[in-house]
Amino acid sequence: LHAREPVTPLAVVGFSLGGNILLKWLTDGGAASSIQTAAAISIPFLLAEGARRMDSGLSRIYQWRLLRLMRSSVTRKFADRPAPIDLESLHQLSNFWDFDDCITAPLHGFAGVEDYYARCSSRQFLHKIATKTLIVQSLDDPLMTPDVVPAEEELSDNTVLELSSRGGHVGFISGPIWRPVYWLDRRLSNYLCEMLRPDKAVL
């Protein structure tokens, strides 16, 4: 995109696990220098804590549905090629911790789930972000605990954390059910319009 439109300012927005990946990518100064700004929403800053939270309470409903989709995806991926992992036990993986230990980690060169979670959690890298970045997080996110939220001193000077007491996971919807107000959509639109103004473009 930058090669095709070199004078057009670019922004990247990431949600949930994709937002965690985005925050880590932003610490790569060379790659991230091609964009003007970024926003990350509902981030599992500590992957191990997120996996534990997903295996408790009502979060297990979301975990069950997502794992079913992920198991199907893995099965399709290796339907016509040799699998470097044991697909026979795929149906026995009932939580994210086991799935990441048996599937995600070995497929991507990690020693195991603990190695994967330790190296890929974004919280430890936040102080290195040089790109102007907005993080929107909710304390009542059912897929993680408030303990994963970084303290202000862990953030770089280029990062703004907007923390809400309510909002759920990539939700932030208010108003009556028959007339919902999508606060997150408005917040992101306003933020990107401000940051991508022509006078702020990086040429």
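What you see is a predicted model; the values in this text were computed from it and never measured.

*Asks:* I tried to follow the packing of helix 3 (residues 47–54) against helix 4 (residues 59–77) on my own but got confused; where do I start?
*Replies:* Each pair of packed helices can be described by the angle between their axes along with the distance between the axes. Interaxial distance between helix 3 and helix 4 falls to 8 Å at its minimum, and their mutual angle equals 105°. Considered as vectors, helix 3 and helix 4 are oriented roughly perpendicular to each other. Of the residues in helix 4, those in contact with A51, R53 and M54 of helix 3 are S59, R60, Y62 and Q63. Residues belonging to the contact of helix 3 with helix 4 are distributed by class as follows: three nonpolar, two polar and two charged.

*Asks:* For this particular structure, what's the right way to read the packing of helix 4 against helix 5 (residues 96–107)?
*Replies:* At a closest axis distance of 11 Å, the pairing of helix 4 and helix 5 adopts a crossing angle of 20°. If you check the angle between helix 4 and helix 5, you find them roughly parallel. Here helix 4 and helix 5 pass one another in a crossing that is left-handed. Counted together, Q63, L66, L67, M70, R71 and V74 of helix 4 and F96, F99 and I103 of helix 5 form the full contact between these two elements. Across the contact of helix 4 with helix 5, the residue classes break down as seven nonpolar, one polar and one charged.

*Asks:* Help me understand the nonpolar core, please; the structure alone is not making it clear to me.
*Replies:* General note: in soluble globular proteins, nonpolar side chains tend to be found buried as a group. In this structure, V74, L90, F96, F99, I103, Y116 and Y117 are the most contacted members of the largest nonpolar core, which totals 20 residues. Broken down by secondary-structure element, the contributors of at least two residues to this core are helix 3, helix 4, helix 5 and helix 6 (113–120). Setting aside residues up to four positions removed in sequence, V74 forms contacts with I85, L87, L90, F99 and I103. With 16 residues, the next largest nonpolar core counts A38, A40, I43 and L126 among its residues.

The rules we used
Residues numbered from 1 in each chain as written. Predicted model: local features only at pLDDT ≥ 70, side-chain atom pairs only at ≥ 80, totals over all residues. Heavy atoms only, no water. Axes fitted to C-alpha atoms, helices over the stretch in contact; angles between N-to-C directions. Helix = DSSP H or I, 4+ residues; strand = E, 2+ residues; numbered from the N terminus. Parallel < 35°, antiparallel > 145°, perpendicular 65-115°, else oblique. Contact = heavy atoms within 4.5 Å. Nonpolar A, V, L, I, M, F, W, Y, C, P; charged D, E, K, R; others polar. Left-handed = near helix turned anticlockwise from the far one by under 90°. Core = buried A, V, L, I, M, F, W, Y, C linked by side-chain atoms within 4.5 Å. Buried < 20%, exposed > 50% of the residue type's maximum accessible area, 1.4 Å probe, protein only.

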